[in-house]
Each structure stands twice: as C-alpha cells, then as structure tokens.
Amino acid sequence: MKFKFNWNTFTPKVKCLLVFLISFTVYLINDRTIAAGDTVSNSLLIFNFLENKTLNFDSFSTSYFASDSCLECFFRESPNGHLTSVYPIGTAILTSPIYLIFYGFLKVFNIPVELTHADFEPYRLFFEKLAATLVTSTSVVMFYLASKSKFSDKISVTSTFIFAFTTNTWMTSSQGLWQHGSSNLAVIIIILCFLKLNHTNVKKNKILFLIGAGIMGGLLPIIRPTSTLFLIAALVYCLVINKYKSVFFIVGMLSILPGLMWNFYYFGNLTGGYSNIGQSYYSFTLNTFLESSLGTLLSPSRGVLFFSPILIYSLVGAYKVFQLRFRKDEQLILCMTTAVILLFLNYCFYTVWWAGHSYGPRFMTDIMPVACYLMNYSLGNVTNRLFSHKPKNVSSFVFLSLLMFSLFTQVVGAFGNRGVYWNGSPLNVDVYRSRLWQLKDNQIERHSKALFYRIFSPPVESKKYINGLSGTIESVTFANQKNTNKKLQLPAHSGFLLKAQVKNTGLSQWFGYQSAIYKGEIRVKVSFYNTQENLVKESDLYVSGRISKGETTQAIGTVVSPDQPGVYDMILELVSHNNVDFPENSHNPYKLQIIVK
C-alpha cells in the first residue's frame, strides 16, 4: 500500500502539533548548546531560587565559573553588594514553568543539584538547550497560527518554514537561552492576539486577547530592552484602534513589574545592568552609521541579507502592506514594521554591530517575526506555482535558490561544530573587524568546511600521517618588523601580533585553520619559559591553508606576554593541535629571548 502525505487532510490541531514536533526535532538534532555568558544567568536563576532559596548569585563567586578568571563574563557585583547578572531576567521569568519541570525531574531521579560545581554543567547546558528549543518551537507554532489567520495554508506553511529554518531563529533562538528567542515569542503572540481580536465579536474573547497581548508586551522590556520598541508599537496601535478598551492591554503590561523590581533592587534604577554599559557602545557619527548599517545588511560574516537573502521578499511584502494601510490588520503590521526599522537604525549607531562571538546576524534575530510575516503578502504567486503542476518560471527558480541558500547557512551553522572557532581564529574578530568583510574564509565557508570534514574525516590521527609530519619555522615577524637575535622588550601581560613563515618539509599535507578540523590542525605553539626553565604561558599561531610538501605559508596569531617582569625564552614549535607534537627530529624549534618590563 502506497502512503501519500497530504497536509490538507490534517485537522488544525494536528497541523500545529506537526509544526511543533518538526521544529523541536530539527532544533535538537545537532545535540549541542550554542550559547554564551549572556545566557548563563537565565539558565540558573530558577534552579538557584528553588534549590538555594535565593535570587542572589553570591555563592557563584567561588564556583567553577570563576576558575578561568572570567567571572564577570557571567555575573557582576551589584551596587547593593550582591553578585547578580547584568543581563535582564525576562527570559528566566518566561521559562520558569519549564524550569520547574526540569527541577522536578532532577529531584525525582535523585540527581544532585550542585549548581556551583562543574559536575552540574552538562545538566545546565542540556536544560538550557531544551528550554530554548521549546520556546522557539512554540514561537514557530504561534507564527503559523498568525499567518494562517489571514493567508492560505500554502502561504502560511511556506512563511513558517522560512521563519523556522532559514533565519537565525534556528541558529540563535533555538540553540541557547538568548534573549532573542523569548522576545520573538512575545512579539508573535502580540501579533496573533491582535489579529484574533480584530476578527472576533465575543466581548470576553476581546478582553482576553487584549490582556494576553499586554502580558507579552510587558515582558518585552525585561526580556530585551531594545524590544521595548515592539511594545511601544503595540501600545500605539492598541490606543488608536481600541481606544478606552486599551486599559486591558495596559493591565496586562503589569507583567513588567518583577523585572523592574529586580532592576531597582540590584542596580538602583529601572533599566538594570545595561544602563551601565549600553551608552558606551553607541557612536552617532556618519562613519559608524555606514559601517554598522552596511555590515548588518551585507557583511559576509554577519549580514542579514548575506545569511538569509530570502528576506528580500519581506521588502515586497512591506510595500503591499503599505498599500493596504487603511485596514486594521495591516495597520498592526505597519506599526510592527516601524519598530523593525527603528531597531535597525538603533544598531546602525551601535559600535559592536556584529554582536561579538556569535553566528551570523544575531542582533537581527529580533526582527524575524515581523520580517517573515511580511513575506506572507508577497508569496501568493510563488506558492501557487510551486504547489501546483504549472511549469516553473524564472521567479520560481530565484525564490527556490534564495530559499535553499538561506537554509544552507543555517544547516552548516548548526552542524558544522568546529566552525564556531571562526570568531577567534586566526585573530579575534572583536579586535580585527576587517575579518567581517572578507569574502574568503567567511563564517559560512568555515562552517561549511567544518561540516564537510565532520562527515569526511581527514586521516590526521593515522600513524602514517603523523610520521609524515615535518616542517621548519623559517622566520618570525613581531610588530611588523622582522626579528633578529636581538633581545625584544615587551610590557607585561600585553597582547601582540606575531607572524611566522613556515614550510612543510614532510610527506603529509597540513590542514590549516580554514579547514576547521580543529583536532589535527597544524599550528605553531608559542611557549614562554622563565630562567628556571619553567613554562609560564602558552599561545598558538594559526597556520593558513592546506600545505603540501615543499610549500610555505604564514602562521599568525595574538600572543600575550608573561604577567611578571623578567627575562624569558620564547620558543616556537610546530604541532598538530589536540593530536600530537611533530615527530622527534622532524623540525627545530625557533627560539627568541624576551625581556618583559
């Protein structure tokens, strides 16, 4: 018996369940959490409250989070003396029901909830990923319902697929408890509530929709302060359309109170920890505007149109919404689109527009609910041709090409695990911003190679390959000057750019940093030894390219000098990273004497 899948035969509830399960499965299947210091407090706050009966993070000052001298990456000492998070707590509030279930699971199976111990870290990461996946999968279902309330199933399914799998909804929202995922869920529910409100005559339902939209709106500023723009847009729309009934929306906005009380208690203001760091990152100059705006849109490693070119159809949708601007629903979407434009302009003057160490246009994840919803207005002709037996034309080919490339960028991001090191190798992208504009070895290419070599592993661990490793370090360049045997003087604990010219003299081909294999990647290990021949500090230079016997290449990296003044030997050696040192007698270390002052 031949099985034929027919979407139209399913009931609305089954369709929603399928949308949720497909999203949930795809988001989880890469089996890793992609997060940062931004997400740590939201993944611990509810656990800490339930287990330790406190909202303070004081006990974490001596935890494993402080072991690498990066405690401030996760927590800060607030003006009231307690250790807390500089990041808003709205995501923790939104996910608190989920974490109550997680906590119950830990207790039922007698798993120790030792939050400050490194043994708990795998559980923290797993639950963070699971919570993020649940939130994002729910937002995908809400997006589908919002689209389905106005458009055909063909259009709704297509735009939902685009939102879920061809934008950073996948690579950011679903992979860790970033603020973006919770913000997007709130924005989508607001849109859905107002759309439902516009098409119901039941007074009770109208009140419930207004309160529901208000609750989500109230959470937005304490989830992500920049998302306050969506709250303002929703409030303006509500006041204009619903007049005095907007009081129910405002009542719902009382959900903002826990976050405001938290901010006032820990920081003495209503805006929280961001009030101390936000202003320093803004620069209202023409140069900042040009770099940030063009980078946000077109950078090969951060541009939203580079990673998700399918979003071009949002512009067509925006034009069609403007044509229908006298209708209630379209007035709502126009208000939200205005918030999107203002949010984009906000990042046009933000000096760290690339969002630090992340994948793709992380900041632009916040606009995806509205941008993808706009596509509903422009997909009619395309979907009619795609889902029918009509011959495909040029517009269909263009649409499918943009769709597939946008999907590709998310797939390689999710499964190209080792590509994550792109942000720091060979040079820290936060310092060397020119890397954001390089087409060669851009972030998508690095992740693509990481996925390729994850499937087709190079033989870097074989005995034959290792025995064939051999090379020489021919010269070293420090501070753009070729080094001689003279003693070099450096300030203590200072970073400097170091380059080395290296040559492959062995039979085995070298895999450089662009290959993204990580283990087995050829590097130059830089070691500092004091006068007692004790190792005091190590760094790596990253070898470029795939180098065969007889070929030369450059190794480059940022090296940090020792913390204490004195005389040191700086020794450079070729290594196969996280694998083995080069075979004995296969190369001679390069030695320089350094005076640290």
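Here the structure is shown first, and the text comes after it.
Procedures and definitions
Residues numbered from 1 in each chain as written. Predicted model: local features only at pLDDT ≥ 70, side-chain atom pairs only at ≥ 80, totals over all residues. Heavy atoms only, no water. Helix = DSSP H or I, 4+ residues; strand = E, 2+ residues; numbered from the N terminus. Rg over C-alpha atoms; globule rule 2.2 N^0.38 Å. Buried < 20%, exposed > 50% of the residue type's maximum accessible area, 1.4 Å probe, protein only. Contact = heavy atoms within 4.5 Å. Areas by Shrake-Rupley, 256 points an atom, 1.4 Å probe, with all protein chains shown as cover. Lys, Arg positive; Asp, Glu negative; His and termini not counted. Charge placed at Lys NZ, Arg CZ, Asp CG, Glu CD. Phe/Tyr/Trp six-rings, centres within 6.5 Å; stacked < 30°, edge-to-face > 60°. Polar contact = N/O pair within 3.5 Å; in protein donor to acceptor, adjacent residues only side chain to side chain. Axes fitted to C-alpha atoms, helices over the stretch in contact; angles between N-to-C directions. Parallel < 35°, antiparallel > 145°, perpendicular 65-115°, else oblique. Left-handed = near helix turned anticlockwise from the far one by under 90°. Nonpolar A, V, L, I, M, F, W, Y, C, P; charged D, E, K, R; others polar. Pairing = 2+ DSSP bridges. 1 Å grid on protein atoms, 1.4 Å probe; cavity = no way out; pocket = protein on both sides within 12 Å on 5 of 7 lines; lining within 4 Å. Points joined across faces, edges and corners; volume = space filled by probe spheres on them. Patch = residues over 30% accessible without salt bridge, like charges linked within 9 Å, V, L, I, M, F, W, Y side chains within 5 Å. Salt bridge = Lys/Arg side-chain N within 4 Å of Asp/Glu carboxyl O.

*Asks:* For the overall build of the protein, give the residues involved together with the corresponding values.
*Replies:* When you go through the protein residue by residue, the secondary structure sums to 22 helices and 14 strands. Taken over C-alpha atoms, the radius of gyration comes to 27 Å for the protein, in line with the 25 Å a tight globule of 597 residues would show. For the protein, the spread of C-alpha atoms along the principal axes amounts to about 85 × 65 × 55 Å. Here the protein holds 597 residues, and the buried ones make up 53% of them. Within the protein, counting contacts between residues at least 6 apart in sequence, those at least 24 apart form 76% of the total. Accessible surface for the protein amounts to roughly 27300 Å². Of this, 62% is attributable to carbon and sulfur atoms. Averaging the coordinates of the 51 positive side-chain charges in the protein and doing the same for the 31 negative ones gives two points 16 Å apart.

*Asks:* Tell me what's going on with the packing of aromatic side chains, and back it up with residues and numbers.
*Replies:* This structure, assessed with the given rule, holds 47 aromatic pairs. Ring geometry for phenylalanine 20 and phenylalanine 24: centres 5.8 Å apart, planes at 10°, overall stacked. Placement of the pair is phenylalanine 20 and phenylalanine 24 together in helix H1 (residues 12–28), with a separation of 4 residues, close to one helical turn. Of the residues examined, phenylalanine 20 reaches a relative accessible area of 21% and is grouped as partly exposed. Overall, phenylalanine 24 belongs to the buried group, its relative accessible area being 19%. Between phenylalanine 284 and phenylalanine 349, the aromatic rings sit 5.3 Å apart at their centres with planes inclined by 35°, giving tilted as the arrangement. With a gap of 65 residues between them, phenylalanine 284 in the loop between helix H13 (274–277) and helix H14 (286–298) and phenylalanine 349 in the loop between helix H17 (328–348) and helix H18 (368–375) connect regions that are remote in the sequence.

*Asks:* Tell me about the side chain of asparagine 442, and please be specific about residues and values.
*Replies:* Position of asparagine 442 among the secondary structure elements: in the loop between helix H20 (394–415) and helix H21 (443–455). For asparagine 442, a relative accessible area of 6% gives the class buried. Only 3.0 Å separates the side chain of asparagine 442 from the backbone nitrogen of isoleucine 444, close enough to count as a polar contact. Ignoring any residue separated from it by four or fewer positions in sequence, one finds asparagine 442 in contact with Pro300, Ser301, Phe306 and Trp422.

*Asks:* Account for the packing of helix H8 (residues 179–198) against H17, naming residues and giving values.
*Replies:* Where H8 contacts H17, the axes come no closer than 9 Å and their chain directions differ by 160°. It follows from the interaxial angle that H8 and H17 lie roughly antiparallel. The two elements H8 and H17 cross, and the hand of that crossing is right-handed. Side by side, H8 and H17 meet where Ile190, Ile191, Phe194, Leu195 and Asn198 of the first sit next to Lys328, Asp329, Leu332, Ile333 and Met336 of the second. Residues that form the contact of H8 with H17 fall into these classes: 7 nonpolar, 1 polar and 2 charged.

*Asks:* Kindly report on the pairing of strand E6 (residues 495–504), identifying the contributing residues and their values.
*Replies:* Only one face of E6 is covered, namely the face carrying Phe496, Leu498, Ala500, Val502 and Asn504; the face carrying Gly495, Leu497, Lys499, Gln501 and Lys503 is uncovered. Of the strand pairs in this sheet, strand E3 (residues 471–478) and E6 are connected by 7 bridges, and their pairing is antiparallel. Note that in E6 the partner of phenylalanine 478 across the bridge is leucine 498. Strand direction decides the pairing type here: E6 and strand E11 (residues 552–560), joined by 9 bridges, are antiparallel. The partner of glycine 495 across the bridge, within E11, is valine 560.

*Asks:* Pulling in residues and values, what's your account of empty space enclosed by the protein?
*Replies:* Inspection of the entire model under this criterion finds 4 cavities of 30 Å³ or more. The space that makes up the largest cavity amounts to roughly 50 Å³. Lining the largest cavity are Arg418, Tyr421, Ser425, Arg446, Tyr513, Ala516, Ile517, Tyr518, Glu521 and Arg523. Grouping the constituent residues of the lining of the largest cavity by class yields 5 nonpolar, 1 polar and 4 charged. Looking at the second largest cavity, its volume works out to about 40 Å³. Thr296, Arg302, Trp353, Trp354, Ala355, Gly360, Pro361, Arg362, Phe363 and Met364 together form the lining of the second largest cavity. Partitioning the lining of the second largest cavity into residue classes produces 6 nonpolar, 2 polar and 2 charged.

*Asks:* Could you give me a rundown of the environment of leucine 439, with the residues and numbers involved?
*Replies:* As for its position among the elements, leucine 439 is in the loop between H20 and H21. For leucine 439, a relative accessible area of 56% gives the class exposed. Along the chain, leucine 439 and valine 26 lie 413 residues apart, while their C-alpha atoms are 29 Å from each other.

*Asks:* A description of the layout of surface pockets should follow, citing residues and the corresponding values.
*Replies:* The calculated volume of the second largest pocket comes to roughly 540 Å³. Going through the elements one at a time, H1, helix H5 (121–148) and helix H6 (153–165) are the ones with two or more residues in the lining of the second largest pocket. No other element matches the 7 residues that H6 contributes to the lining of the second largest pocket. Residues belonging to the lining of the second largest pocket are distributed by class as follows: 11 nonpolar, 4 polar and 3 charged.

*Asks:* Can you explain the side chain of serine 308? Please cite residues and give values.
*Replies:* The residue serine 308 is located in the loop between helix H15 (304–307) and helix H16 (312–323) in this model. Using a relative accessible area of 1% as the deciding quantity, one classes serine 308 as buried.

*Asks:* Lay out the environment of lysine 525 with the relevant residues and their values.
*Replies:* Take lysine 525: it is sitting in strand E8 (residues 522–529). As a C-alpha pair, lysine 525 and phenylalanine 408 span 117 residues in sequence and 35 Å in three-dimensional space. Residues in contact with lysine 525, not counting those within four places in the same chain, are Glu538, Ser539, Asp540, Ile571, Leu572, Glu573, Val575 and Asp581.

*Asks:* Outline a positive patch on the surface, supporting the account with residue identities and numerical values.
*Replies:* Taken together, Lys203, Lys243, Lys245 and Lys328 make up a surface patch of like positive charges. Residue placement: lysine 243 occurs in the loop between helix H10 (228–242) and helix H11 (246–252). Lysine 243 gets classed as exposed once you look at its relative accessible area, which sits at 52%.

*Asks:* A description of the pattern of salt bridges should follow, citing residues and the corresponding values.
*Replies:* In total, this model carries 15 salt bridges according to the counting rule given. When the shortest N-O distance is used, the salt bridge between lysine 107 and glutamate 51 registers 3.1 Å. Taken as a pair, lysine 107 in helix H4 (residues 96–108) and glutamate 51 in helix H2 (residues 37–52) lie far apart in primary sequence, 56 residues in all. Here lysine 449 makes a salt bridge to glutamate 445, at a shortest N to O gap of 3.2 Å. With lysine 449 and glutamate 445 both in helix H21 and 4 residues apart, this pair spans about one turn of that helix. For lysine 449, a relative accessible area of 29% corresponds to the partly exposed category. Take glutamate 445: its relative accessible area is 26%, and that puts it in the partly exposed class. Several salt bridges share partner residues, and in doing so they unite Glu121, Arg124 and Glu128 into one network.

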